[in-house]
Amino acid sequence: MTSLLWKDTKTHVSELKKRVPCDYAVDFDLKDVAAEDGYITTDKKSVQYYVRIAEISKFKESESLILKKKTGLKSIIRVLEVMDIDPLPISEFRKGKHKLSEVETFDTGDRILIKLEEKPSYLETLDQKVKDVVADAKKVGFDIPLSVAEKVSKHKKEMKPAVYKKFLERIMAELARNGIDPHEAVGIIAAQSIGEPGTQMTMRTFHFAGVREMNVTLGLPRLIEIVDARRIPSTPSMTIYLKPEFEKEQDIVLNVVKKLENTTVIDVADIITDVGEMTLSIVPDMPKMNDRLVENSDIMDALEKVKGISVISDEKDNRITVKPTQESFKKLYQVQEQLKVLTIKGIPGIKRAIARIDNLTEAWTVYTQGSNLREVLELDEVDASKTYTNDIIEVASVLGIEAAKNAIFLESQRTLAEQGLEVDQRHLMLVADMMTFGGSVRAVGRTGISGRKSSVLARAAFEITTKHLLRAGYLGEVDPLTGVAENIIVGQPITLGTGAVNLVYKGLKK
Amino acid sequence: MGKLNVLRHELVPEHHLVKKEDEDKVLKELNIAKDLLPKISRNDPAVKALEDIHGPLEEGRIIRIVRKSPTAGFSIYYRAISGEIFK
């Protein structure tokens, strides 16, 4: 679908916004253009507004028009709606085979879209047999969990109809017996259920498990890391799966490993500073270079991107001399620091990558130290639907809050299972749900969930009492006494269990 | 190299946009006000992906999330798009 792109001023846009739907007279000829939507740019480089267009017609004098210019008007656009959007670079649009780079006055272009599709609904992909069981359960009078329905559907044939009905009734009774009661304090139960096994966890910070040469934080420190929602975990690591067509090809896998590992100049070479000549010499360390599969030309390529230096390559000496264009000690020092961390190749953040083969399936998987989910998922060979990182905050920013919720659940479950501890999944699901409730990953504790309760008294009872009371005092906060802690403070029945139910006695009528 | 479809990732459950006319029905069924629903950021990658399918989405639209649950087969969850997410 072709969209119309044009440049306009902010005043015109706000005028349009006020008066939509309206007719907008513009100074460019849109005779052969058919477009249902358009984008407005104010700086030629990116579009900031999205416009829905009803129709485009030839210019005709009329009173209700909004004019873009006073003279030279050629066409009228009937505008239905104007919306603010996050700036999109012009390069996201394509005209014919070329990407657009700038919009001078107006242009047409196709938004480059990779057809995204919603997943087919899980409900619709269900087996018909399972659907039947769900319908049968509904007749008996309850909603059956699908995991149970799947099991029942396998054995349905073996039962007589009367037995089958009785069986469903038994399931209903069992479900009712196991359900949690209204106003039960599930949070407290979850806290104790995770806390008690937590006391048995090892205090050792490091645990060498899984991949050799890899070092992943496990045990209590890892669990604390998860619930604290640390920005960067102490040992970020990724598990990278390759697309099925590549995962058995050893050469391709090793190539991916090379592509991943981030190599800087200091990893493969020494940098010598010559103060007299005001130059820096990069002396490649051959064993290290071979180990990391880097060649001199790779270093040269990387140096080309650095500004403010001139590079002299010396083939005989096998060293590369770099001279800052501006002669000063300060600049020399700056360039030296810059060269140290200059990436020759690889993905920033990934310190090491190791490929391992699964002996049963002969499929290779790559494990890394350090994590950079966004860039790894963009690699062609990588299976972007399975690749995983243990950095929860990164998952939240790359894949979204729901993925982060799943990651919290999986990571905490794995950490507990690693230590041989069994905690019911429901408790961990509750924690994961609470942490992601507000749309971002929040820590449990003072700075997170507990610190943001709506009740002043509950917050004051938890930590930093004076700060909360003082703040509530000058802001005039009101506490409706709906929670547990605040009701204990004032000496009322708490709003849990029977305390949450109000009974009203209606006298007998005489 | 194309744009990544986050909706395809294993960790990401189904996200569906709730039609505007169905929003009241959802809220009534849950017996809740819209601002009390769990939130999802406007800049959330999954919302961005939905925007590519449905066009721009304004704040307050409801997203139905169908999660695969280890205990119940699947469970339905709702989130409202919000512009003010504090980190």
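Residues numbered from 1 in each chain as written. Chains lettered and ligands numbered in written order. Predicted model: local features only at pLDDT ≥ 70, side-chain atom pairs only at ≥ 80, totals over all residues. Heavy atoms only, no water.

1. Notes on the interface of chain A and chain B
Convention followed: Contacts between residues were defined by any pair of non-hydrogen atoms, one from each residue, lying within 4.5 Å. When two parts are brought into contact, each loses some accessible area as probed by a 1.4 Å sphere; the total of that loss over both is the buried area. Salt bridge criterion: a side-chain nitrogen from Lys or Arg within 4 Å of a carboxyl oxygen from Asp or Glu. Counting of polar contacts relies on pairs of N or O atoms within 3.5 Å, with two restrictions inside protein: one atom must be capable of donating a hydrogen and the other of accepting it, and residues adjacent in sequence are counted only when both atoms are side-chain atoms. For the purposes of this entry, the term helix denotes a DSSP run of H or I that reaches at least four residues, the term strand denotes a run of E that reaches at least two, and both are numbered from the N terminus.
Taken residue by residue, the interface counts 52 residues in chain A and 48 residues in chain B. When chain A packs against chain B, the two sides together hide about 4400 Å² of surface, and 57% of this comes from carbon and sulfur. Counting across the chain A and chain B interface gives three salt bridges. We note a salt bridge from A:Glu402 to B:Arg67, for which the minimum N-O separation is 2.9 Å. At the surface where chain A touches chain B, the tally comes to ten residue pairs in polar contact (both at pLDDT 80 or more). Those elements that place two or more of their residues in the side of chain A that touches chain B are β6 (75-89), α3 (146-155), α13 (392-399), α14 (401-418) and α15 (425-436) of chain A.

2. So, the sheet that holds strand β20 (residues 364-369) of chain A
Whether parallel or antiparallel, the strands of a sheet pair through hydrogen bonds between backbone atoms. All names here are of chain A. To be explicit about the condition: By this definition, two strands are paired if DSSP reports at least two bridges between them. Interaxial angles span 0 to 180 degrees and are taken between N-to-C directions of axes, which are lines fitted to C-alpha atoms, for helices over the stretch in contact.
Within the open sheet, the four strands sit side by side as β19-β20-β12-β21. Their pairing is antiparallel. The open sheet has two edge strands with one neighbour each: β19 (352-357) and β21 (388-389). Bridging between strand β12 (residues 237-241) and β20 involves five bridges; their strand directions are antiparallel. Of the residues in β20, the one forming a bridge with Ser 237 is Gln 369. Packed on one face of the sheet, helix α7 (residues 250-260) meets β12, β19 and β20 and runs near 15 degrees to β20.

3. Here we look at a nonpolar patch on the surface
As a reminder of what qualifies: Candidate patch residues must exceed 30% relative accessible area and have no salt bridge, after which like charges are joined if within 9 Å and Val, Leu, Ile, Met, Phe, Trp or Tyr side chains if within 5 Å. We get accessible surface area from the Shrake-Rupley algorithm with a probe of 1.4 Å; when it comes to residues, only the shown protein chains can shield them. Using a 1.4 Å probe on the protein chains alone, a residue whose accessible area is under 20% of its type maximum counts as buried, one over 50% counts as exposed, and one in between counts as partly exposed.
A cluster of nonpolar side chains, contributed by A:Ile180, A:Val186 and A:Ile189, occupies part of the molecular surface with about 240 Å² of accessible area. For A:Ile189, a relative accessible area of 33% puts it in the partly exposed group.

4. Some words on the sheet that holds strand β2 (residues 39-41) of chain B
Residues and elements named next belong to chain B. The sheet built from four strands is open, its strands ordered β1-β3-β4-β2 with mixed pairing. The sheet is open, and its two borders are formed by β1 (14-17) and β2, each paired with just one other strand. Neighbour-to-neighbour, the strand axes of this sheet turn through a mean angle of 40 degrees, independent of strand direction. Across four bridges, β1 lies against strand β3 (residues 62-69) in antiparallel orientation. Across the sheet, Glu 14 pairs through a bridge with Val 66, a residue of β3. Here helix α2 (residues 45-54) sits on the sheet and contacts β1, β2, β3 and β4 (73-82); the angle it forms with β1, its principal contact strand, is near 50 degrees.

5. Observations regarding the packing of aromatic side chains
As a reminder of what qualifies: Only the six-membered ring of Trp is used, alongside the rings of Phe and Tyr, when aromatic pairs are assigned; centres must lie within 6.5 Å, and planes under 30 degrees apart are stacked while those over 60 apart are edge-to-face, with the rest tilted. The rule is short: NZ of Lys or CZ of Arg within 6 Å of the ring centre and within 35 degrees of the ring normal puts a charge over the ring.
Throughout the structure, instances matching the rule amount to one aromatic pair over all chains. Considering the side-chain rings of A:Tyr39 and A:Tyr50, the 5.3 Å spacing of their centres and the 65 degrees angle between planes classify their relative orientation as edge-to-face. Residue A:Tyr39 is located in strand β3 (residues 37-41), and its partner A:Tyr50 is located in strand β4 (residues 46-58); the two are separated by eleven residues in the primary sequence. For the cation-ring pair, B:Arg67 lies above B:Tyr77, with the distance from its terminal atom to the ring centre recorded as 3.8 Å.

6. Describing the pairing of β3(B)
All names here are of chain B. Along β3, six of the eight residues are buried, which leaves the element largely enclosed by surrounding structure. Sheet topology note: the β3/β4 ladder contains eight bridges and is antiparallel. What sits directly across from Ile 63, in β4, is Arg 79.

7. Some remarks on the confidence of the model for chain A
Threshold: What pLDDT reports is the predictor's confidence in each residue, on a scale of 0 through 100.
Looking at chain A, the pLDDT average stands at 81 and 91% of residues meet or exceed 70. For chain A, per-element mean pLDDT is lowest for strand β10 (residues 206-207) of chain A, which scores 50, and highest for α15(A), which scores 92.

8. A closer look at the packing of α14(A) against α15(A)
How two helices sit against one another is set out by the angle between their axes and by the gap between those axes. Residues and elements named next belong to chain A. Our working definition: Small angles under 35 degrees read as roughly parallel and large ones over 145 as roughly antiparallel, with 65 to 115 read as roughly perpendicular and the rest as oblique. Here is the rule for handedness: rotate from the far helix to the near one, and if that takes an anticlockwise turn smaller than a right angle the crossing is left-handed, while a clockwise turn gives right-handed.
In the contact formed by α14 and α15, the axes pass within 9 Å of each other and the chain directions differ by 140 degrees. It follows from the interaxial angle that α14 and α15 lie oblique. Like other packed secondary-structure pairs, α14 and α15 cross with a definite hand, here right-handed. From α14, Ile 401, Lys 405, Ile 408, Phe 409, Ser 412, Gln 413 and Leu 416 reach across to α15, where they touch Gln 425, Leu 428, Met 429, Ala 432, Asp 433, Met 435 and Thr 436.

9. Examining the pattern of salt bridges
Residue and element names in this part refer to chain A. Here the structure, examined in full by the defined rule, presents 19 salt bridges over all chains. A salt bridge links Asp 136 to Lys 156; the nearest nitrogen and oxygen atoms lie 3.3 Å apart. Residue Asp 136 is located in helix α2 (residues 128-140), and its partner Lys 156 is located in the loop between α3 and α4 (161-178); the two are separated by 20 residues in the primary sequence. Taking relative accessible area as the criterion, Lys 156 reaches 28% and is therefore assigned partly exposed.

10. A short note on the environment of A:Ser46
Inspection of the secondary structure puts A:Ser46 in strand β4. For the pair formed by A:Ser46 and A:Gly198, sequence separation is 152 residues and the distance between their alpha carbons is 52 Å.

11. Focus on the pairing of β4(A)
Residues and elements named next belong to chain A. Here β3 pairs with β4 via five bridges, running antiparallel. Within the sheet, the bridge partner assigned to Ile 40 lies in β4 and is Tyr 49. Hairpin connection from β3 to β4: four residues lie between these consecutive antiparallel strands, with Lys 44 at a positive phi of about 70 degrees.

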